[in-house]
Amino acid sequence: MILGALDQFQDGLRFLFESRDSVAGGVQVGGSELLPLLGEHMKVTLYGTVLATLLAVPLAIFLAHTGRGAFAASSVANVGRAVPSIAVVLFFSAYLGFGVTNLVFGLTLLAIPPIFTNTFVGIRQVDTDVVDAARGQGLSGLQIVTKVELPLSLPLIFGGIRTSFVNVVATATLGPLVGVVTLGDPILSPGVYGAAGQLGTAILIAVIAVAGELVFAGIQRAATPKGIRRSDPGRARRLGRRAQLRASSV
Amino acid sequence: MDAATLELRNVSKQYPGAAAPAIADLSLEVEAGEICVLVGPSGCGKTTAMRLINRMIELTGGEILLDGTSVHSRKPSELRRDIGYAIQQIGLFPHQTIAQNIATVPKLLGWDKARCTNRVEELMELIGLPQEMAERFPAQLSGGQRQRVGVARALAADPPLMLMDEPFGAVDPINRERLQNEFLRLQAQVRKTIVFVTHDIDEAIKMGDRIAVLKEGGVLAQFATPAELLMAPADDFVEDFVGADRALKRLALERVRDIELWPARMVQVGDPNVKARELAAQSPTGHVLLVDEGSRPLAWLNERDLSFDKVGPHKGRVASVEVDDLLRDALSDLLQDQVLYGVAVDAEGRVAGILSVEIIAQFLGDQGPGHIEEAAAAADRIA
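About the criteria used
- Residues numbered from 1 in each chain as written.
- Chains lettered and ligands numbered in written order.
- Predicted model: local features only at pLDDT ≥ 70, side-chain atom pairs only at ≥ 80, totals over all residues.
- Heavy atoms only, no water.
- Axes fitted to C-alpha atoms, helices over the stretch in contact; angles between N-to-C directions.
- Helix = DSSP H or I, 4+ residues; strand = E, 2+ residues; numbered from the N terminus.
- Left-handed = near helix turned anticlockwise from the far one by under 90°.
- Contact = heavy atoms within 4.5 Å.
- Nonpolar A, V, L, I, M, F, W, Y, C, P; charged D, E, K, R; others polar.
- Parallel < 35°, antiparallel > 145°, perpendicular 65-115°, else oblique.
- Salt bridge = Lys/Arg side-chain N within 4 Å of Asp/Glu carboxyl O.
- Polar contact = N/O pair within 3.5 Å; in protein donor to acceptor, adjacent residues only side chain to side chain.
- Buried < 20%, exposed > 50% of the residue type's maximum accessible area, 1.4 Å probe, protein only.
- Phe/Tyr/Trp six-rings, centres within 6.5 Å; stacked < 30°, edge-to-face > 60°.
- Lys NZ or Arg CZ within 6 Å of the ring centre and 35° of its normal.
- pLDDT = per-residue confidence, 0-100.
- Arc of directions from axis to C-beta.
- Core = buried A, V, L, I, M, F, W, Y, C linked by side-chain atoms within 4.5 Å.

## Concerning the packing of helix α13 (residues 327-336) of chain B against helix α14 (residues 357-366) of chain B
Residues and elements named next belong to chain B. Put simply, α13 and α14 touch, their axes get as near as 10 Å, and they point 145 degrees apart. Crossing angle aside, the handedness with which α13 passes α14 is left-handed. Between α13 and α14, the contacting residues are Leu327, Leu331 and Leu334 on the first element and Val357, Ile360 and Phe363 on the second. Residue composition of the contact of α13 with α14, grouped by class: six nonpolar, no polar and no charged.

## With respect to the packing of helix α7 (residues 141-171) of chain A against helix α9 (residues 190-223) of chain A
Residue and element names in this part refer to chain A. In the contact formed by α7 and α9, the axes pass within 9 Å of each other and the chain directions differ by 170 degrees. Our classification of the angle between α7 and α9 gives roughly antiparallel. Between α7, through Leu154, Pro155, Phe158, Gly159, Ile161, Arg162, Phe165, Val166, Val169 and Ala170, and α9, the contact on the second element is made entirely by Ile205, Ile208, Ala209, Gly212, Glu213, Phe216, Ala217, Ile219, Gln220 and Ala223.

## Quick notes on the interface of chain A and chain B
Listed as interface residues are 20 residues of chain A and, on the opposing side, 24 residues of chain B. Arginine 51 of chain B serves as the salt-bridge partner of aspartate 132 of chain A, at 2.8 Å between the closest nitrogen and oxygen. At the surface where chain A touches chain B, the tally comes to seven residue pairs in polar contact (both at pLDDT 80 or more). Those elements that place two or more of their residues in the side of chain A that touches chain B are α6 (128-137) and α7 of chain A. In terms of residues, the side of chain A that touches chain B owes the most to one element, α6 of chain A, which gives eight residues.

## Quick notes on the side chain of threonine 119 of chain A
Residues and elements named next belong to chain A. Mapped onto the elements of the fold, threonine 119 is located in helix α5 (residues 100-124). Overall, the relative accessible area of 0% leaves threonine 119 in the buried class. In this structure the side chain of threonine 119 is engaged in a polar contact, spanning 2.7 Å, whose partner is the backbone oxygen of isoleucine 115. Those residues within four positions of threonine 119 in sequence are excluded, and the remaining contacts are Val57, Ala60, Ile61 and Ile157.

## Quick word on the environment of glycine 175 of chain A
Residues and elements named next belong to chain A. Mapping glycine 175 onto the fold places it in the loop between α7 and α8 (184-188). Each C-alpha atom of the pair glycine 175 and aspartate 129 lies 47 Å from the other, and the pair is 46 residues apart in sequence. The residues touching glycine 175, leaving out its near neighbours within four places in the chain, are Leu103, Val180 and Thr182.

## Side note on the packing of aromatic side chains
Here a ring pair, both rings aromatic, is described through the centre-centre distance and the interplanar angle of the planes. In this structure the tally under the stated criterion is seven aromatic pairs over all chains. Pairing phenylalanine 15 of chain A with tyrosine 193 of chain A gives two aromatic rings, centres 6.4 Å apart and planes at 80 degrees, and the pair type is edge-to-face. Note that phenylalanine 15 of chain A is positioned in helix α1 (residues 2-17) and tyrosine 193 of chain A in helix α9, a separation of 178 residues in sequence. The exposure classification of phenylalanine 15 of chain A matches that of tyrosine 193 of chain A, with both residues buried. An aromatic cluster is present here, built from Phe168, Phe183 and Phe196 of chain B joined pairwise through their rings. Across from the ring centre of tyrosine 15 of chain B, 4.7 Å away, lies the NZ or CZ of lysine 13 of chain B, which sits over that ring. Positioned above the aromatic ring of phenylalanine 93 of chain B is the side chain of arginine 153 of chain B, whose terminal nitrogen or guanidinium carbon lies 4.9 Å from the ring centre.

## A short note on the confidence of the model for chain B
Interpreting fine coordinate detail is not advised for predicted regions of low pLDDT. Residue and element names in this part refer to chain B. With 95% of its residues at a pLDDT of 70 or more, chain B has an overall mean of 88. Confidence over residues 369-383 falls short of pLDDT 50; this stretch has eight contacts with residues more than four positions distant or in other chains. Taken over the whole predicted complex, pTM reads 0.77, whereas the ipTM for its chain interfaces reads 0.77.

## Points about helix α1 (residues 46-53) of chain B
Working note: α-helix, 3.6 residues per turn, so residues spaced by three or four point in the same direction. Residue and element names in this part refer to chain B. Among the eight residues that make up α1, seven are buried, leaving the element largely enclosed by the rest of the structure. Among the residues making up α1, those that are buried are Lys46, Thr48, Ala49, Met50, Arg51, Leu52 and Ile53. Arginine 55, located one to two residues past α1, shows a positive phi value of around 60 degrees.

## Notes on helix α12 (residues 273-282) of chain B
Residue and element names in this part refer to chain B. Those residues of α12 that sit buried are Asn273, Ala276, Leu279 and Ala280. For α12, the arc enclosing every buried residue in end-on projection is 115 degrees, short of the 170-degree limit, so these residues lie on one face. Of the exposed residues in α12, those oriented more than 90 degrees away from the buried face are Val274, Glu278 and Ala281. Of the surrounding elements, those touching the buried residues of α12 are β11 (266-267) and β12 (288-291).

## Concerning the nonpolar core
Counting 49 residues, the largest nonpolar core has Ile102 and Phe183 of chain B as the members making the most contacts within it. When sequence neighbours within four positions are dropped, the list of residues in contact with isoleucine 102 of chain B reads Val120, Leu123, Met124, Val149, Ala152, Arg153 and Ala156 of chain B. Ala73, Leu110, Val145 and Val178 of chain A belong to the second-largest nonpolar core, a separate cluster that totals 42 residues.

Dropping the structure here:
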């Protein structure tokens with residue numbers, strides 16, 4: 001039983017490194033044949049994450065700085081958590097049709113809540129006395145954002161992007177359902193790729209997600225201003241989690 | 001930049017929806033180079049009044065003039081760069097070094113790098129922090145050090161006016177006293193016009209050239225020098241606020257050298273006793289003071305000690321106070337030594353005169369009849 005599982009695991013890994021005939025025959029799958037799928041997967045992931053960042057960060061900064069939209073922030077966070085990503089992706093395909101645009105749109109919607117919430121809370125958690133002192137010294141509103149609020153909330157903002165990236169990498173697997181051939185294809189079509197293809201690709205996606213997590217953890221650490229940096233690496237993440245909790249209870 | 005004059009003309013602040021105004025018709029004039037303390041119980045609007053000046057809060061009536069120009073003629077952020085700002089919570093930027101924190105306003109004003117660096121060095125020196133601390137972050141400093149950096153940041157661009165909201169409120173009493181003294185020394189050098197907010201009447205008396213006592217609703221109860229405030233409180237509110245021990249507080253405003261001491265009748269070993277007895281008879285204490293060649297006090301001598309023909313060596317206990325002591329501390333020394341008078345000595349230990357409880361009572365008596373009655377009443381209670 002255990003040996004059988006190990007065999008399957010090995011076969012799955014072999015699928016990633018060597019191409020083979022498809023189950024029905026006639027087509028090569030696996031190995032280097034996976035590269036276009038990987039490329040498509042990463043493309044939609046990056047588009048989704050970057051778009052979400054470009055939309056959510058400025059909006060959240062604006063709302064948090066002006067002190068408006070606490071309600072909006074908590075709504076976005078809660079809706080984002082409640083709606084299943086597959087529903088978002090399939091729902092919008094009904095309006096936008098099949099293709100990359102639709103998938104990226106869905107992924108962007110999925111990526112917005114963590115980034116928005118973290119940015120909003122990041123700006124809000126900046127010590128009010130520090131902001132008062134900044135105003136009192138004569139910094140303009142924009143200068144307060146760029147010189148005080150933004151640097152101090154960078155760790156949380158990158159924490160949000162990190163969460164979103166991991167979500168999006170996993171969710172891009174749904175691509176084939178809306179006509180985009182991502183790494184989800186071997187998983188959703190075991191009839192073509194075989195059990196080894198399903199398992200192997202699942203492992204690959206998990207590895208990408210973990211790698212992304214690590215890369216962003218590094219970026220998050222590097223983005224933390226020196227004066228507020230702690231040697232404890234778990235802190236920023238805990239802060240991020242607490243931030244989300246707080247936002248949902250606003 | 002030189003110090004500026006500040007004038008509040010019938011200033012009021014009414015928050016929308018509030019029944020009573022936060023500040024009602026407040027008028028104050030602060031002369032250049034003076035420390036004006038705004039003091040009062042919490043909720044009296046003292047912080048609001050201060051924040052109206054640099055437009056952190058906008059007034060709803062009246063006018064505020066800085067060197068004769070209305071603060072409303074300028075953009076708030078530009079106005080604030082000309083007004084130093086230090087608050088109790090300090091609010092240093094945690095992600096910036098001490099040097100960057102101090103250089104905040106100079107950078108906003110577009111000073112070049114070399115000028116900023118020089119100014120930071122100058123200010124580190126002025127607040128008594130070692131230069132190598134400039135590269136540290138706020139979290140690496142103690143509370144007292146951060147407090148000093150907050151003051152340095154407010155002073156950085158040499159503003160003609162400084163606003164300080166309980167700047168020493170968050171430090172322990174020992175450090176607070178030190179920071180206050182340091183700040184007064186600093187002010188003696190820089191001579192800024194300062195608006196200083198506190199709820200602590202003792203701090204107000206210590207720091208203020210003039211004190212504005214505010215009561216609920218931002219109503220000015222009295223605007224006077226510390227001495228005037230203690231001598232003649234304008235009403236019951238001020239009298240309550242300055243406290244029942246205002247005679248003692250009055251003593252904290254003067255030093256031993258500021259009042260007229262009794263002259264000391266001094267003799268040295270070997271002086272003829274005839275002369276000594278004569279001096280003792282003239283002395284209000286009935287004693288002469290035996291001193292050494294450096295006129296440092298050795299012992300009190302009475303009639304009995306002077307029975308031979310020359311003054312002999314004596315050893316005794318002499319209560320002494322320094323001329324630089326506050327009258328309050330000197331009185332405390334006398335009471336502690338259970339004596340009615342003591343020798344006032346200068347920094348080298350030389351006799352400057354005799355300080356007695358009687359002189360102090362007289363000094364307070366000269367300040368107004370209220371004190372005599374109060375002191376008499378207190379004496380009756382004790383008796």
